[in-house]
Amino acid sequence: MYAASSSVSAPPRPLRPRPADSGPYLDPGARPAAPALGAGRPRRVPGLGTQPLSGRLDLSGPQGAQLRTAIASVHRICPEFAPVQVLRRSGRSVLLVGTTGRSTAVAKCLLDHSPVWTERIRHEIAAYRSFVRHRPPVRVPRLIAADPDNCTLVIERMPGRVAALQRHPAEAPPRADIRMALGAVCRLNAWRPPAGTFDAPLDYAARISRYHELGLLTDRDMGDLQKLVHGIAHTSGRQGMGQFCHGDALLSNILLSPAGPVLVDWEHAGWYLPGYDLATLWSVLGDAPVARRQISQIAQSAGPASRDAFLVNLMLVLTREIRTYETAVQRSMHDTAPAAPGTAHPGAAPSGEEQRLLLRRLHDDCQLARRAVRAAVGTR
């Protein structure tokens, strides 16, 4: 992906002086943890594959008309699909659970056919089609049918429970769940699908510039990130630095089952700087310091170039999350207009005091990442 060079100007330097037996860089250390965003034990709920099929579809009114249109799109490519219930619905898409013969399936139909969402579901369809020919080292739903022109996708319904219902879990999931999810992500990141199968969904230079123009990154932030990206390219070369990533490796996109984790929602899959999926997981595990420390160790284990790539990814991911939730707060204060195209969907978004605490934690995390970026620039 980047121009080549063979050496690094200086050895990596930690974020701050520390004794030899301390944790890895990017460890908040004595920073006080933000208050928990919820109380009590996390509730274990069934996942996409274990919820019972029950109830009936309400096809009356304007929303019913949308459902009828979506079902008609599914029937054009999968006539045997019998819809049973709505699994999830948003302003841009609907997920229907139904049966196909003696098995169950999930149909995803786009409701908002604006260019950004159309491109995403077509990208996801292309990913599932590629998995038919080139199986990844993680479990993924089997493709049943797809129509990229009508933005409709039908996949098998996988057993398992969602690793976390919220984008940012209110409490840390069990360590065993985090361990399974992290293991699946690492196996995926080590995979190298055939050349030309996937592209690079993220233009790093453009994203850094856009966040700077929006006032989300300072002049120094932009300069530091540009230096790291340039240094990564200079050190690693065009062919050696890309890593295949899921692109949205949230716990809410991972199903856990006895047969192993299942990754779903492949809208953003492709080649990134190393550590993009790790940065995504790090950003949502604010109440799991042990897991964050392990992620940091994995990110720096391959050397300074991988460490710097992880830091670039982390700054961009955290900035995106801050923008997403600040936009959600502003929307809730004024009206219920849909999010602007390109804004990440926050999932089961918190509200009120939980929203405020989450934003405070994200800003604290961003300051931590900013200091680590500046320390890394000092080693270049």
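All figures in this text were calculated on a predicted structure; none of them were measured in a lab.

J.: Explanation requested: unusual backbone geometry in the structure shown.
T.: Peptide bonds are trans in most cases, and residues, glycine excluded, mostly fall at negative phi. Of note in this structure, cysteine 151 is not a glycine but carries a positive phi near 55°. By the secondary structure assignment, cysteine 151 is in the loop between strand E4 (143–147) and strand E5 (152–156). Taking relative accessible area as the criterion, cysteine 151 reaches 0% and is therefore assigned buried. Look at aspartate 265: it is not a glycine, yet its phi comes out positive at around 60°. Tracing the backbone shows aspartate 265 in the loop between strand E9 (262–263) and strand E10 (270–272). Judged by relative accessible area, aspartate 265 falls into the buried class, the value being 18%.

J.: Can you walk me through the packing of aromatic side chains in this structure?
T.: What characterises a pair of aromatic rings is the spacing of the ring centres plus the angle enclosed by the ring planes. Applying the stated criterion across every chain, the model contains eight aromatic pairs. Aromatic side chains phenylalanine 131 and tryptophan 191 sit 6.3 Å apart centroid to centroid with 50° between the ring planes, which places their arrangement in the tilted category. Taken together, the positions of phenylalanine 131 in helix H2 (residues 115–133) and tryptophan 191 in the loop between helix H3 (175–189) and helix H4 (204–213) put the pair 60 residues apart, joining distant regions of the chain. Here phenylalanine 131 and tryptophan 191 have matching classes, each one buried. Geometrically, the ring pair formed by phenylalanine 131 and phenylalanine 198 is tilted, given 6.0 Å between the ring centres and 40° between the ring planes. With phenylalanine 131 in helix H2 and phenylalanine 198 in the loop between H3 and H4, this residue pair connects regions lying 67 residues apart in the sequence. Classification of phenylalanine 131 as buried rests on a relative accessible area of 5%.

J.: Just to check I follow, could you spell out H3 for this structure?
T.: Each α-helix turn comprises 3.6 residues. Residues three or four places apart therefore point the same way. In a regular helix each residue adds 1.5 Å, so 15 residues correspond to 21 Å; H3 covers 21 Å between its end C-alpha atoms and thus fits that length. In this structure, the buried residues of H3 make contact with strand E6 (161–162), strand E7 (243–245), strand E8 (254–256), E9, helix H6 (276–284) and helix H7 (289–300).

J.: Could you clarify how one ought to interpret the sheet that holds E8 in this entry?
T.: Strand pairs in the sheet, formed through backbone hydrogen bonds, run parallel or antiparallel to each other. Spatial strand order, E6-E8-E9: three strands in an open sheet with antiparallel pairing. The strands lining the two open edges of the sheet, one partner per strand, are E6 and E9. Where E6 and E8 come together, two bridges link them in antiparallel fashion. Paired with arginine 161 across the bridge in E8 is leucine 256.

J.: Help me understand the nonpolar core, please; the structure alone is not making it clear to me.
T.: In this structure, Trp266, Phe310 and Val312 are the most contacted members of the largest nonpolar core, which totals 83 residues. In terms of nonpolar packing, the next biggest core, distinct from the first, is built from 14 residues, Leu57, Val94, Leu96 and Ala107 among them.

Definitions and limits used
Residues numbered from 1 in each chain as written. Predicted model: local features only at pLDDT ≥ 70, side-chain atom pairs only at ≥ 80, totals over all residues. Heavy atoms only, no water. Helix = DSSP H or I, 4+ residues; strand = E, 2+ residues; numbered from the N terminus. Buried < 20%, exposed > 50% of the residue type's maximum accessible area, 1.4 Å probe, protein only. Phe/Tyr/Trp six-rings, centres within 6.5 Å; stacked < 30°, edge-to-face > 60°. Expected span 1.5 Å × (residues − 1). Contact = heavy atoms within 4.5 Å. Pairing = 2+ DSSP bridges. Core = buried A, V, L, I, M, F, W, Y, C linked by side-chain atoms within 4.5 Å.

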